[in-house]
Amino acid sequence: MNHFDYVNGELCAEDVPLSRIAAELGTPFYCYSTATLVRHYTVFRQALEKAGLDATICFALKANPNIAVVRTLAGLGAGADVVSEGELRRALAAGVPAGRIVFSGVGKTRRELELAVAKGIMQVNVESEPELRALSEVAAARGVRMPISLRVNPDVDAGTHAKITTGKKENKFGIEWTRAHEVYRIARELPGVEVVGIACHIGSQLTDVEPFRQAFSRVRDLVAILRADGFDIRRLDLGGGLGVPYDAATDLPPHPDDYAAAIAGSLGDLGCRIVLEPGRLLVGNAGVLVSRVVYVKEGATRSFAIVDAAMNDLMRPALYDAHHDIQPVAEPAAGAPRAEIDVVGPVCETGDTFARQRPLPPLAAGDLVAFRTAGAYGAAMSSTYNSRLLVPEVLVNGHGFAVVRARPTYEDMLALEALPDWLE
Ligand SMILES: *Cc1c(COP(=O)(O)O)cnc(C)c1O
């Protein structure tokens with residue numbers, strides 16, 4: 001459920017018509033709904049409670065690192081899953097307590113590990129033996145033992161897009177399932193780390209609980225092996241990955257209740273604290289990208305709606321062939337005819353296409369359209385390709401809204417660059 005609905009013929013975010021924001025700010029812009037963020041977090045937390053799980057929810061910042069979004073979730077009790085120094089600094093700036101921050105990622109630098117140790121975060125999820133040794137050195141130099149989980153790669157097929165599958169043995173993530181015990185034994189001998197658990201994240205946008213069950217069952221086996229060898233395994237970090245409905249007509253991802261029941265069924269009796277790292281699930285449906293039609297062009301074989309947003313603003317269609325529902329901001333008349341149209345951006349790449357042959361009500365230049373389910377991996381993945389300015393972000397709360405990331409100016413953009421003295 002989300003809070004983007006037509007009210008009096010206008011698509012609104014909660015009680016704010018999107019056209020009002022467009023008039024004030026120009027287009028394109030991202031718009032997030034506080035009520036939707038609160039609702040998603042609450043539904044997820046309640047699902048875990050109903051399943052009787054002792055769980056810590058660490059929002060995966062990479063899905064939407066805007067500090068106003070992170071602060072909204074932190075205010076509800078969320079921790080953070082970070083994958084870089086920048087994300088760690090954002091989480092702290094947004095008010096997430098260090099004791100609820102997990103550091104994931106396959107290539108943490110020494111500098112990043114030092115910051116994690118200095119800030120005293122909850123745990124580092126270690127993804128390789130060299131990283132394990134580096135972290136131990138960094139922590140031991142400060143006279144501390146850093147709590148760690150090893151991220152294991154359970155070699156299961158998440159059944160999602162190849163570019164966001166992470167838990168197969170040929171993927172770069174984690175420590176090979178079959179080598180995990182050996183690496184745990186190495187960890188035990190190192191002075192700067194303390195093994196507290198196991199971590200596992202098999203992919204993103206999963207639309208079936210079965211791959212999760214397979215992974216959990218492998219985690220369970222590993223808990224038994226490690227406990228039998230004297231390890232005090234007390235935390236299980238099960239990553240994120242639960243999918244959201246991008247295509248309202250066809251997508252039916254599992255409800256958080258079913259996901260929580262799968263966790264409880266596989267791992268609930270082990271006496272471990274469960275750590276979860278949902279990203280997309282919390283923010284995906286809580287955001288839209290609003291754009292204006294610049295031209296409608298009749299091509300040789302099809303029509304194109306050329307909009308002022310592009311692949312640099314919302315990369316998912318170009319990168320993953322992802323579907324985003326598209327709605328006119330002005331509600332079409334009941335029974336308005338629909339015609340197939342390609343919705344494209346102005347960037348000089350054929351990949352800059354948001355939808356092909358999408359049945360939509362008639363569009364005209366100047367119309368506003370909303371790309372739905374753009375709150376996750378939307379603004380987060382944006383760039384300035386084609387020297388386009390980063391898109392501003394707006395957070396709505398009831399009747400009010402605030403710009404939570406301003407549109408930069410062209411002067412800002414040019415000021416980041418400099419001419420070397422020989423070119424001046
Ligand atoms: C990307 C990622 C997540 C979040 O994934 P979602 O599909 O957005 O829930 C969680 N944990 C790790 C380690 C990740 O890389």
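Asker: Tell me about the overall build of the protein chain, residues and numbers included.
Answerer: Within the protein chain, the secondary structure is distributed over twelve helices and 21 strands. Since a compact globule built from 424 residues should have a radius of gyration of about 22 Å, the 23 Å found for the protein chain is in line with a globular shape. Each of the three principal axes of the protein chain carries a C-alpha extent, and together these read 70 × 60 × 40 Å. Looking at the 424 residues of the protein chain, the share that counts as buried comes to 54%. Intrachain contacts of the protein chain at a sequence separation of at least 6 include 70% that bridge at least 24 residues. Total accessible area on the protein chain is roughly 17,900 Å²; 51% of this is exposed by carbon and sulfur atoms. Looking at charge distribution, the protein chain has the averaged site of its 43 positive side-chain charges lying 4 Å from that of its 52 negative ones.

Asker: So what's going on with the state of the cysteines? Which residues, and what values?
Answerer: Within this structure, the stated rule accounts for zero disulfides. Cys58 takes part in no disulfide bond, and the closest cysteine sulfur, belonging to Cys200, lies 15 Å away. The closest cysteine sulfur to the non-disulfide-bonded Cys272 is located on Cys200, 13 Å from its own sulfur. The class of Cys272 is buried, set by a relative accessible area of 9%.

Asker: Can you break down the packing of helix H8 (residues 210-228) against helix H9 (residues 256-267) residue by residue, with the values?
Answerer: H9 packs onto H8 with a crossing angle of 25 degrees between their chain directions and a minimal axis gap of 9 Å. By the criterion of interaxial angle, the relationship of H8 to H9 is roughly parallel. You can see that H8 and H9 cross each other, and the crossing is right-handed. Listed contacts from H9 to Phe212, Arg213, Phe216, Val219 and Arg220 of H8 are Tyr259, Ala262, Ile263, Ser266 and Leu267. Tallied by class, the residues present in the contact of H8 with H9 amount to seven nonpolar, one polar and two charged.

Asker: Describe the sheet that holds strand S2 (residues 10-13), and please don't skip the residues or the numbers.
Answerer: One open sheet accounts for three strands, arranged S1-S2-S3; its pairing is antiparallel. On the outer flanks of this sheet lie strand S1 (4-7) and strand S3 (16-17), each paired with one strand and no other. The sheet contact formed by S1 and S2 spans four bridges and is antiparallel. Bridge pairing in S2 places Asp5 opposite Cys12.

Asker: Can you tell me about the environment of Ile175, naming the residues and giving the values?
Answerer: Its location among the elements puts Ile175 in strand S10 (residues 175-176). In sequence terms Ile175 and Pro154 are 21 residues apart; their C-alpha atoms lie 8.6 Å from each other. When neighbours within four sequence positions are excluded, Ile175 is seen to be in contact with Val126, Glu127, Ser128, Leu150, Arg151, Val152, Asn153, Ala180 and Val183.

Basis of the calculations
Residues numbered from 1 in each chain as written. Predicted model: local features only at pLDDT ≥ 70, side-chain atom pairs only at ≥ 80, totals over all residues. Heavy atoms only, no water. Helix = DSSP H or I, 4+ residues; strand = E, 2+ residues; numbered from the N terminus. Rg over C-alpha atoms; globule rule 2.2 N^0.38 Å. Buried < 20%, exposed > 50% of the residue type's maximum accessible area, 1.4 Å probe, protein only. Contact = heavy atoms within 4.5 Å. Areas by Shrake-Rupley, 256 points an atom, 1.4 Å probe, with all protein chains shown as cover. Lys, Arg positive; Asp, Glu negative; His and termini not counted. Charge placed at Lys NZ, Arg CZ, Asp CG, Glu CD. Disulfide = S-S within 2.5 Å. Axes fitted to C-alpha atoms, helices over the stretch in contact; angles between N-to-C directions. Parallel < 35°, antiparallel > 145°, perpendicular 65-115°, else oblique. Left-handed = near helix turned anticlockwise from the far one by under 90°. Nonpolar A, V, L, I, M, F, W, Y, C, P; charged D, E, K, R; others polar. Pairing = 2+ DSSP bridges.

The analysis is restricted to geometry; functional conclusions fall outside its scope.
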